[in-house]
Each structure stands twice: as structure tokens, then as C-alpha cells.
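Letter by letter, the chains look like this.
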Amino acid sequence: VGYFTATVAFNPLYLDFGKLNSPLANGYTRVSASDTWDGVLGWQPGAVKLNDYDTKSGSDLHRDFNYLESGTFSVALPNGSYDITVTLGDTRTTSNPHDLMGVFLEGNQVDSVTTNPGEVVNNTYTVSVSDGILDLTLDDLGGNNQWVVFMALEVETSGPLVTNIVVDDVSQPEGSTGGTTTFTFTVSLE
């Protein structure tokens, strides 16, 4: 049995949160309030007052959103370090401010975000995933507005992925006296 390290490529993940029938931002994957955890990505059971809305104004990415009082969105990822960009806010200038929107990654609070009417913010955080699942919890922390308004999630690697590869057997040609054996393999993460 031998162990070795490998470099594994990870394609960035871009998720647009909104209604099933609203326009989808180019290069993004749609997520609605009805997308529950399926082992790959989705809202975990127990989200409080989770819904979606389309304002019908603004860019395809910013015109719609999922909103909730509290809930966890999960994504299956290889273990490693990631830059996570969370987009929060509401493009409607007639909306109320959204205050004290708590952002938690892997169980740790990383921010409390407040947006004014018509304001959208993109905040990036670095997080380490060690259990194969990124958990993003959004939670209303009080204030005057009970809603966390969630537009987009972007996931990009910020360091090498932690990959353990075990080789049970590598055979050398008969008559070989040892030395180094070189071989090539491909790992694909989808």
C-alpha cells in the first residue's frame, strides 16, 4: 500500500438564488427555496420561513432572491480551503433595510450584514472544509427586519484541496529490480 499526493482541479461554483421561473444569471446554476439537500447541494431541513421572490427589476443575478428567518444551505465539496462570496440585499429602493443578517460558515459566525433599501453587498470569506460539506447558515439576528435576503453564492478554491489517495498495488514488469514507477491518472470532480 502506498500513499501519494495529487493536485485536484475544482471548477468554481456559481449559484443564483431566486424563483424557478425568473431569469438566470449567465454562468450560474439556479437555486430556489424548494431545492432541498440532495447530497450535492440544497437547503437543509428545518429552514424557518424559507421562500423566494422576483422583484422584476435589476440584473438577472440581483432581481430575485431566497429569503428566510434562519436556515442552512449546504454544498458537497472536496476538503480544502475556499473563498466563499455571499451576496445579500434587495434591489428595491422601496424595501425596508435588512438589518443584522447573520452569516455563519461551518458553524462559526463570520459576519453580520445590514443593507439599505436598494443595496446589494458581496462579501468574501475564507473557510476550511474538512468534512466534505460546506455549511452556510443564514440567520436573522434581530433588529427591525426579520428577513435574510440571499441572492448568490460563489465558491472558489483558495488553496490546495486536501486529497488522500491510496494505491493498493502497483506492479512492475517481471524482472524489474525496483526503482521508481511512474504512472498517470486523472481525477474528475463534478
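Residues numbered from 1 in each chain as written. Predicted model: local features only at pLDDT ≥ 70, side-chain atom pairs only at ≥ 80, totals over all residues. Heavy atoms only, no water.

> It is not clear to me how the overall build of the protein chain should be interpreted in this structure. Could you clarify?
When helices and strands are tallied, the protein chain shows 0 helices and 14 strands. Starting at the N terminus, the α and β elements of the protein chain follow one another as β-β-β-β-β-β-β-β-β-β-β-β-β-β. Within the protein chain, buried positions represent 39% of all 190 residues. Within the protein chain, contacts between residues separated by at least 24 positions form 71% of all contacts whose residues are at least 6 apart in sequence. Carbon and sulfur atoms form 47% of the exposed surface of the protein chain, whose accessible area is close to 10100 Å². (Helix = DSSP H or I, 4+ residues; strand = E, 2+ residues; numbered from the N terminus. Buried < 20%, exposed > 50% of the residue type's maximum accessible area, 1.4 Å probe, protein only. Contact = heavy atoms within 4.5 Å. Areas by Shrake-Rupley, 256 points an atom, 1.4 Å probe, with all protein chains shown as cover.)

> Whenever I open this one, the packing of aromatic side chains confuses me. Can you help?
In this description, a pair of aromatic rings is defined by centroid distance and the angle of the planes. Per the counting criterion, the structure on display carries 9 aromatic pairs. Note on Phe 17 and Phe 73: the rings are 5.0 Å apart at their centroids and 75 degrees apart in plane angle, and the pair reads as edge-to-face. Of this pair, Phe 17 sits in strand S2 (residues 13–17) while Phe 73 sits in strand S7 (residues 70–76), and the two are 56 residues apart along the sequence. The same class applies to Phe 17 as to Phe 73, namely buried. Put simply, the rings of Phe 17, Trp 43, Phe 73 and Phe 150 touch in pairs and so form one group of aromatic residues. (Phe/Tyr/Trp six-rings, centres within 6.5 Å; stacked < 30°, edge-to-face > 60°.)

> It is not clear to me how the confidence of the model for the protein chain should be interpreted in this structure. Could you clarify?
One rule of thumb: low pLDDT means the predicted coordinates there are not for detailed reading. For the protein chain, mean pLDDT is 88; residues scoring 70 or higher make up 79% of the total. Taken together, the stretch residues 185–190 has pLDDT below 50 and engages in 8 contacts with residues farther than four places along the chain or on a different chain. (pLDDT = per-residue confidence, 0-100.)

> Could you clarify how one ought to interpret the environment of Leu 88 in this entry?
Within the fold, Leu 88 resides in strand S8 (residues 80–89). Excluding residues within four positions of it along the chain, Leu 88 makes contact with Met 101, Val 103, Val 113, Thr 115, Glu 119, Val 120, Val 121, Val 148, Val 149 and Phe 150.

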